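Coordinates in review
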Amino acid sequence: MECNHLISMARSKKESSLVLATGARSSSQNNTDESIKIYMADSKDTIVSKIEDRISIWSFLSKDFGESMHILNYEVNKSGYNYYESQSSSGNDRLVTVLMFLSDVKRGGETVFPRSELKGTQAEQGAPPECAGYAVQPVKGNAILLFNLKPDGVVDKDSQYEVCSVLEGEEWLAMKHIHLRKNGTPKSSLVSEDECTNEDARCVSWAADGECDRNPMFMIGSPDYYGTCRMSCHGC
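Every value quoted in this text rests on a predicted model; they were computed, and no experiment measured them.

1. Remarks on helix α2 (residues 46-59)
- Given a rise of 1.5 Å per residue, 14 residues ought to cover 20 Å, and the 20 Å separating the end C-alpha atoms of α2 matches this to within 8%.
- The inward-facing, buried residues of α2 abut α1 (2-11), β5 (94-101), β9 (143-147) and β12 (171-179).
- If you check the start of α2, you find a side-chain oxygen 3.0 Å away from the backbone N of Ile47, and it comes from Asp45.
- Positive phi appears at Phe60, one or two residues downstream of α2, with a value of about 60 degrees.

Following this line, the structure appears as structure tokens:
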């Protein structure tokens, strides 16, 4: 139901862009931009809001830290795309990317991680040679959550992924980026480092679940980022 709803929403909108999403580059000079259509999801839509609520729980990141959800439509295309998602167009760091498969694909359309050490699954035979690596098949209703940054704040190049060519049919994909801090908030406006606070009501439960150790950059912070749960993690 949710997948179909997002596709219907996109089809009812005029394409917001026929170029690659921010941070993407074409892997072939022969590619035509018309192979990908990008739509902006309505953040006030009830179903979109519920999906974003679940993403917030899944990622342990506030909805306020996220960019608007984008819906992508890939038609038959003989060129793949490499994505580097560590920053938005404004230069803000992206901590998490969530990819949601809204449709099954007859052939092709895998999401491939070229740097992954897992090589057990490969893309569809006939995919371009640059579309090699650990491949995730596009299955309607499934999703991928990946971290663009390591715990120390360094870009994790292993999170680089590529959406392989759709060889038959079409692919619908929803994409959500989540930042280290509230989107559009400059570092200078963050709480003073002299203050010991929790920036989220869920900090106490997150700390009790061990997130201070598993996710120290987000919970405690770094020289470049004021942690969200410094009080609960005894980081101040």
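After presenting the structure, the write-up continues.
2. Observations regarding the sheet that holds strand β3 (residues 70-74)
- With respect to topology, five strands assemble into an open sheet ordered β2-β3-β12-β5-β9, the strand pairing being antiparallel. Of all strands in the sheet, those bounded by a partner on one side alone are β2 (36-40) and β9. Averaged over all pairs of adjacent strands, the angle between their axes in this sheet comes to 20 degrees, without regard to strand direction.
- Pairing analysis gives five bridges linking β3 to β12, with the strands arranged antiparallel. Bridge assignment links Leu72 to a residue of β12, and that residue is Leu173.
- Helix-sheet contacts for α1 involve β2, β3, β5 and β12, and the interaxial angle to β12 is about 95 degrees.

3. So, the pattern of salt bridges
- Tallied over the full model, the rule gives eight salt bridges.
- Where Arg54 meets Glu2, a salt bridge forms, and the shortest distance between an N and an O atom there is 2.7 Å. Of the two residues, Arg54 sits in helix α2 while Glu2 sits in helix α1, which places them 52 residues apart along the sequence.
- Residue Asp53 pairs with Lys63 through a salt bridge whose shortest N-O separation is 3.0 Å. In this pair, Asp53 is assigned in helix α2 and Lys63 in the loop between α2 and β3, connecting sequence segments 10 residues apart.
- Residue class for Lys63 comes out partly exposed when judged on its relative accessible area of 34%.

4. Things to note about α1
- Residues of α1 that are buried include every one of Cys3, Leu6, Ile7, Met9 and Ala10, and no others. Down the axis of α1, the buried set is contained in an arc of 160 degrees. They therefore lie on one face.
- Lining the buried residues of α1 we find β2, α2, β3, β5 and β12.

5. Some details on the state of the cysteines
- Counted under the stated rule, the structure contains two disulfides.
- Between Cys203 and Cys229 runs a disulfide, and the two sulfur atoms are separated by 2.0 Å. Around the S-S axis, the bridge from Cys203 to Cys229 shows a dihedral of about -70 degrees and counts as left-handed. Taken together, the residues Cys203 in helix α3 (residues 203-208) and Cys229 in the segment after β14 (225-226) connect sequence positions 26 residues apart.
- With a relative accessible area of 0%, Cys203 lands in the buried category.

6. What about the packing of aromatic side chains?
- If you walk through the whole model with that rule in mind, you get five aromatic pairs.
- Taking 5.7 Å as the distance between ring centres and 70 degrees as the angle between the ring planes, the aromatic pair formed by Phe60 and Trp206 counts as edge-to-face. Placement of the pair is Phe60 in the loop between α2 and β3 and Trp206 in helix α3, with a sequence separation of 146 residues.
- Aromatic side chains Phe65 and Phe218 sit 6.3 Å apart centroid to centroid with 70 degrees between the ring planes, which places their arrangement in the edge-to-face category. Highlighted residues: Phe65 in the loop between α2 and β3 and Phe218 in helix α5 (residues 216-219), separated in sequence by 153 residues. Of the two residues, Phe65 and Phe218, both sit in the buried class.
- In this structure an aromatic cluster arises from ring pairing among Phe60, Phe65, Trp206 and Phe218.

Rules behind the numbers
Residues numbered from 1 in each chain as written. Predicted model: local features only at pLDDT ≥ 70, side-chain atom pairs only at ≥ 80, totals over all residues. Heavy atoms only, no water. Helix = DSSP H or I, 4+ residues; strand = E, 2+ residues; numbered from the N terminus. Expected span 1.5 Å × (residues − 1). Contact = heavy atoms within 4.5 Å. Polar contact = N/O pair within 3.5 Å; in protein donor to acceptor, adjacent residues only side chain to side chain. Pairing = 2+ DSSP bridges. Axes fitted to C-alpha atoms, helices over the stretch in contact; angles between N-to-C directions. Salt bridge = Lys/Arg side-chain N within 4 Å of Asp/Glu carboxyl O. Buried < 20%, exposed > 50% of the residue type's maximum accessible area, 1.4 Å probe, protein only. Arc of directions from axis to C-beta. Disulfide = S-S within 2.5 Å. Phe/Tyr/Trp six-rings, centres within 6.5 Å; stacked < 30°, edge-to-face > 60°.

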